[in-house]
Amino acid sequence: MRYLPHTEADRRAMLATIGAKDVDALFKDVPAAARLDRPIDLAAGQSEMAVERMFTRMAGKNLSAGHAPFFIGAGLYRHHVPASVDQLLTRGEFLTSYTPYQPEVSQGTLQYLFEFQTQVCLITGMEVANASMYDGATACAEAAVMAARVTRKKNIILSGSLHPHYVETTRTVVKHQGLEVEELAPDPFGLEDLMGRVDSRTACLIVQNPGFFGGIRDLTQLADACHEVGALLVVAVAEPVSLGLITPPGAMGADIVVAEGQSLGMGLQFGGPGLGLFATREKYVRQMPGRLCGQTVDQDGKRGFVLTLSTREQHIRREKATSNICTNSGLCALAFTMHLTMLGETGLTRLAKLNHAQALRLEQSLRRVKGAKVLNQTYFNEFALYLGDEVDAGEVVEKLAAKGILGGVPAARFYPHWPELRPVLLLAATETNTQDDMDALVSALSEVL
Amino acid sequence: MSMYFTKDHEWIKVEGDTGTVGITEYAQHALGDIVYVEVPEKGRALKQGGDAAVVESVKAASEVYSPVSGTVIAGNDVLAGQPALVNESPEDQAWFFTLTLANPAELEALMDRPAYDEYVAGLE
Amino acid sequence: MAEITTFSGNRGLQLEEPLIFEQGCPGRIGVDIAEPGPIDEDRLGGLARKGTIGLPDLSEPQVVRHYTRLSQKNYGIDSGFYPLGSCTMKHNPRLSEKMARLPGLVDLHPFQPRSTVQGALEVIDLLAHWLKGLTGMPAVAMSPAAGAHGEWCGLMAIRAYHDDHGDSQRTRVLVPESAHGTNPATAAMCGYSVDPVPATERGRVDVAALKAKLGPDVACIMVTNPNTCGLFEDEILDIAQATHEAGAFFYCDGANYNAIVGRVKIADLGVDAMHINLHKTFSTPHGGGGPGAGPTVLSEKLAAYAPLPFVVHGAGGLELVEHAEQAGGAKPFGRVKGYHGQFGVFIRALAYILSMGADGLRQTSGDAVLNANYLLASLKDVLSASFDGPCMHECLFDDRFLKDSGITTLDFAKMLIDEGFHPMTMYFPLVVHGALLMEPTETEAKETLDGFIAVIRALAAKAKAGEADDFKAAPRLTPRRRLDETQAARVPVLRWKHGANEG
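Quantities reported herein were computed from a predicted structural model and do not represent experimental measurements. (Residues numbered from 1 in each chain as written. Chains lettered and ligands numbered in written order. Predicted model: local features only at pLDDT ≥ 70, side-chain atom pairs only at ≥ 80, totals over all residues. Heavy atoms only, no water.)

Engineer: Looking at this model, I keep getting lost on the overall build of chain A. Mind explaining?
Structural biologist: The helix and strand inventory of chain A stands at twelve helices and 13 strands. Along the longest, intermediate and shortest principal axes, the C-alpha atoms of chain A span 80 × 55 × 50 Å. For chain A, buried positions account for 69% of its 449 residues. Of the contacts formed within chain A by residues at least 6 apart in sequence, a portion of 73% connects residues at least 24 apart. For chain A, the computed accessible surface area is about 14,200 Å², with 50% contributed by carbon and sulfur atoms. Taking the average location of the 42 positive side-chain charges in chain A and that of its 49 negative ones, the two points are 3 Å from each other. (Helix = DSSP H or I, 4+ residues; strand = E, 2+ residues; numbered from the N terminus. Buried < 20%, exposed > 50% of the residue type's maximum accessible area, 1.4 Å probe, protein only. Contact = heavy atoms within 4.5 Å. Areas by Shrake-Rupley, 256 points an atom, 1.4 Å probe, with all protein chains shown as cover. Lys, Arg positive; Asp, Glu negative; His and termini not counted. Charge placed at Lys NZ, Arg CZ, Asp CG, Glu CD.)

Engineer: Which parts of the structure should I look at to understand the packing of aromatic side chains?
Structural biologist: Two descriptors summarise a pair of aromatic rings, namely the distance from one centre to the other and the angle between the planes of the rings. Enumeration over the complete set of coordinates arrives at 27 aromatic pairs over all chains. For the ring pair Tyr98(A) and Tyr101(A), a centre distance of 6.2 Å and an interplane angle of 50° mean the geometry is tilted. The exposure class assigned to Tyr101(A) is partly exposed, which follows from its relative accessible area of 34%. A connected cluster of aromatic rings, assembled from ring pairs, spans Phe212(A), Phe213(A), Phe414(A), Tyr415(A), Phe111(C) and Tyr339(C). The ring of Tyr36(B) carries the charged tip of Arg286(A) above its face, separated from the ring centre by 3.4 Å. (Phe/Tyr/Trp six-rings, centres within 6.5 Å; stacked < 30°, edge-to-face > 60°. Lys NZ or Arg CZ within 6 Å of the ring centre and 35° of its normal.)

Engineer: Even after reading the chapter, I still don't get the layout of surface pockets, so can you show me in this structure?
Structural biologist: To find leftover empty space, one rolls a probe the size of a water molecule over the atoms. In this model, the second largest pocket occupies a volume close to 1,500 Å³. Along the walls of the second largest pocket sit 47 residues, with Arg149(A), Arg152(A), Arg286(A), Gln287(A) and Glu38(B) positioned nearest its centre. Listing elements by their share of the lining of the second largest pocket, those giving two or more residues are α6 (136-151) of chain A, β4 (34-38) and β6 (51-57) of chain B together with α6 (182-189) of chain C. (1 Å grid on protein atoms, 1.4 Å probe; cavity = no way out; pocket = protein on both sides within 12 Å on 5 of 7 lines; lining within 4 Å. Points joined across faces, edges and corners; volume = space filled by probe spheres on them.)

Engineer: Can you walk me through the side chain of Asp298(A) in this structure?
Structural biologist: By secondary structure assignment, the location of Asp298(A) is in the loop between β8 (293-297) and β9 (303-307). For Asp298(A), which is buried and forms no salt bridge, the nearest opposite charge comes from Arg480(C), at a distance of 4.7 Å. The contact partners of Asp298(A), leaving out residues within four places of it in the chain, are Arg480(C), Arg481(C), Arg482(C) and Leu483(C). (Salt bridge = Lys/Arg side-chain N within 4 Å of Asp/Glu carboxyl O.)

Engineer: Where do I start with the interface of chain C and chain A in this structure?
Structural biologist: Often, the extent of an interface is quoted as the loss of accessible area upon association of its parts. In this assembly, 212 residues from chain C lie in contact with 193 residues from chain A. Both faces combined, the contact of chain C with chain A buries some 17,400 Å², and carbon together with sulfur accounts for 62% of it. With a closest N to O distance of 2.8 Å, Glu322(C) and Arg413(A) form a salt bridge. Summed over the shared surface of chain C and chain A, the number is 103 residue pairs in polar contact (both at pLDDT 80 or more). If you tally residues by element for the side of chain C that touches chain A, the top one is helix α11 (residues 343-379) of chain C, at 27 residues. Across the side of chain C that touches chain A, the residue classes break down as 105 nonpolar, 59 polar and 48 charged. (Buried area = accessible area lost by both parts, 1.4 Å probe. Polar contact = N/O pair within 3.5 Å; in protein donor to acceptor, adjacent residues only side chain to side chain. Nonpolar A, V, L, I, M, F, W, Y, C, P; charged D, E, K, R; others polar.)

Engineer: Even after reading the chapter, I still don't get unusual backbone geometry, so can you show me in this structure?
Structural biologist: What is expected of a backbone is that most residues other than glycine have negative phi and most peptide bonds are trans. Note that the residue after Asn225(C), namely Pro226(C), is joined by a cis bond; omega there is -10°. Along the chain, Pro226(C) falls in the loop between β4 (218-224) and α8 (236-245). Cis peptide bonds are those with omega within 30 degrees of zero, and the linkage from Ala474(C) to Pro475(C) qualifies with -5°. For Ala74(A), which is not glycine, the phi dihedral falls at a positive 55°. For Ala74(A), the position within the fold is in the loop between α2 (48-60) and α3 (83-89). Judged by relative accessible area, which is 0%, Ala74(A) ranks as buried. The residue Ser283(C) is not glycine, and still its phi comes out positive at about 60°. With respect to the helices and strands, the residue Ser283(C) is situated in the loop between α9 (278-281) and β7 (296-298). Taking the relative accessible area as the measure of exposure, Ser283(C) reaches 2% and is therefore buried.

Engineer: What is the right way to read the sheet that holds strand β7 (residues 61-65) of chain B from this model?
Structural biologist: By definition, the strands of a sheet pair up through backbone hydrogen bonds, in either a parallel or an antiparallel sense. Residues and elements named next belong to chain B. Taken together, the three strands give an open sheet; going across it, the order is β4-β6-β7, and neighbouring strands pair in antiparallel fashion. Strands at the two margins of the open sheet, each flanked by one partner only, are β4 and β7. Across this sheet, the average inter-strand angle for adjacent strands is 25°, counted without regard to direction. Here four bridges tie β4 to β6, and the two strands are oriented antiparallel to one another. Among the inter-strand pairings, Ile34 is bridged to a residue of β6, identified as Ser57. (Pairing = 2+ DSSP bridges. Axes fitted to C-alpha atoms, helices over the stretch in contact; angles between N-to-C directions.)

Engineer: What am I meant to see in the sheet that holds strand β11 (residues 395-398) of chain C here?
Structural biologist: All names here are of chain C. Taking strand neighbours across the sheet as the criterion, the four strands line up as β10-β11-β13-β12 in an open arrangement whose pairing is antiparallel. Looking at strand neighbours, the two that pair on one side only are β10 (384-385) and β12 (425-426), the edges of this open sheet. As paired strands, β11 and strand β13 (residues 436-438) are joined by three bridges and run antiparallel to one another. Residue Cys395 lies in a different strand from β13, and its bridge partner there is Met438.

Engineer: Would you take a moment to explain the nonpolar core for this structure?
Structural biologist: As a rule of thumb, nonpolar side chains are buried together in soluble globular proteins. Within the largest apolar cluster, 121 residues are counted, with the highest numbers of intra-cluster contacts made by Phe55(A), Leu278(C), Phe282(C), Leu383(C), Phe412(C) and Met438(C). Broken down by element, the residue count for this core peaks at 20 residues, all from α11(C). Lining this core are residues from two domains, each supplying at least three of them: domain 2 (96-352) and domain 3 (359-474) of chain C. In contact with Leu278(C), other than residues within four places in its own chain, are Leu127(C), Leu131(C), Ser283(C), Thr284(C), Ala293(C), Pro295(C), Val345(C), Phe346(C) and Ala349(C). (Core = buried A, V, L, I, M, F, W, Y, C linked by side-chain atoms within 4.5 Å. Domains from an automatic or database assignment.)

Engineer: Looking at this structure, I do not really get the environment of Lys28(A). What am I missing?
Structural biologist: Along the polypeptide, Lys28(A) turns up in the loop between α1 (8-18) and α2. Linking Lys28(A) and Phe380(A), residues 352 residues apart in sequence, is a C-alpha distance of 63 Å. Ignoring sequence-local partners within four residues, the contact set of Lys28(A) consists of Arg35(A) and Pro390(C). Only 3.5 Å separates the side chain of Lys28(A) from the side chain of Asp29(A), close enough to count as a polar contact.

In structure tokens form, the structure reads like this:
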């Protein structure tokens, strides 16, 4: 077997050193009743070529985004990832290293995490950021738990602008932690009134910006309202590219910002792994979940980096830890930080503008589709399209797929209990779309409606 | 003024119905370089043996328990900025908090200096 | 060797590399982007960003060089022997990387219509088939993102079962003292209290103590098997039976499943739930700390409570159940993360599994255990082995061999770095003093192990000879020497700020 170096002679020599008859003898502590004496009844090992054939066959059953006019967003966005990002990502020293607990042999990982934390602070307008979490949804849930810890209050309010997966994950995470969750109705028009919702029992209000249906809002007054009653404002960002163009949550008074970092560096990957970004105010740093990288000096006085403030974490605090999280999304954080470094200030700003311009162009194009109208007053690169009374957006999407077009997501896929959302289609545009894509969508929509 | 000790290595100095609490020389040595201290806020009601403060080194976090029940008069805010003071002067300048004793009879359960020294000697 | 100084601060192939924030120059760019065209301030709700972000501008060659240099400051499995106990640092096949980059698999959105992602659902379904087949368990929750996340998934399913059966008074979880820190942290997240179970002198769960703690308020036990001392819990069947008789569940922490994969079906041990770290047993890259994946196998009783979403076989092909009301009779406890699980990790794990097959996986655990026992046998006369063998996939030593030398476990491990090895795990598990936990893995050749053994033996002799100062000064040959962690924690500097981070 190509990954196993031992020859039979090696094994015999090693067994002789150990003083064991055979390898099975080393498993003597396993109760005999549970010990199998032959391989489990599943397929035998295969060559690289054979495995490649299997995957190529499975890949062939999919319609990949690059092979179709593609307008799906809903929390994950298809962006162009520069070639060097993925090339650098496969360097073995990054790919095959462990969590940087031994700083002398991990300065590479530690330095990029330090840079990553700084970049996350800059784009969100926050003071401190951790070294990442699993994804946006779990980061959101962690924010709710952290807010309850900081405020010593129990009520979590989830805006109707929040991604339904973030809502469901948060609801599940806090279920047995003595917190109450108040979930507001989905908000396709961006008209939800949140000002009157917070009171003295509120630990935090969680809103998404741009919202799940694409709308953008000024959060400044909402932040003030939260702070007046001693609650925190948590802002979720599902499309980090938007931060190149829109006022960041930190500048609007957010106390915690969580985000999905997938847009930068990672590609779609059928939704996983993701990259949870988590940033907050300096005064809350010890209440933060997740790993943190900090600057220090070595024995010779040279600048270096270490994981720090670990006493918050499970391997030291055990049941009193801020979270049970152990991994971060190291390699995804690397992809994110490399892409963002390639872009820089100039590139992120331009990319964000281009995304917005593309969405404007898409809306413009869709005016040619009879009966369809955009519900949003505001948007960045995604909006909700109303296809007309009696129209089922789910059926429309299937018909578009049959024509080779991946034309958005029906809102009902997330909200099966809201019949009024059945005609609503979520559409996103990014720099990857061409005018031809948009024309193809428009003519296909016109045919199926 | 008298000084008492707990098995968890806290000390309390008592004058009238006011106590001053900290951790012992032995405790600071066992923890190593202290990097962070969290003291209780004024007015907080503490129970004997209950969580009162937190003290952390790089690799360990430890609860500081209140030697007696009472109400916090003040936490030592200096420690937030100078955690190393706990290493340098654990039984004097690096006091954690003062409190008003709720029940001075609780002191009877604690050790005096010779008893504590003997207890520590037995740990090594 | 005389200290060599250079004008640049570089030392040959050891190149100094400033932060990206220290090398930007406004106007450079690493990605060419089309001219955006006009934006619409109203559509942005009047919230167009005022002011700059503060990101540095670099060109592509600068960026490539920056990350290449950073990578050279890291030690990976590709660099050399990485015997980090409990972490399973084995060879990561590159076929897995290649498969995970096939456009037909990687360039898919999770919300595409099902008809366009049948191949992706097949990847999930096929991996689930293997995980169930290998463990003998009837169900698997695929979506947990990591080991700790899988633990939480398992305990949430257990809690859902108890709550569903009017058994909500069960709030205590028994966790051995040798457990990973994630176990108690996870139990706390489920609203459970943690009751520690002591270890015996044999490095195993004290079964009598465990039985004494079982009762009508115990929700489950969390036992790592093989345990964190690298030993198989030989009374596991007794433990499982007593647990079930008390009406509690047996959660097995599957962190060390790699030691027995292909040789033992987890179901035969009486396990009700166990997460599988795909990044350990099935060799997906650790990536400097993630991403991992923690699919969690479940027993018949717990299967109905598995979280959303999951793949089912429908009339028209594979389907994805995303809402409770589509779940037939099942009662999913909720959703654990966004989307459908760590798909990119699934591809890699499946490529590894298909490459190895049932026969190869059996060989894998055999060789892993062989290598660990070889280290144990070759080192136990110079180091102090904590427990008698045979061990499983890792061997545990403590610091008795360093007694009175003035050298700590940490000093000893740091010395290994200068010798070109990654240190072993130190100070874990907590049940022995100054632990050194070594996990060689099955992908290391005998020559590599022999080289490592020779160095450890030489270092042990050096320690005995009283050369403590050398150990205290190690490592000397790394890009940075020992770092001041106290300063890092006392005065946290967690980000770059203009003018504040000079080295």
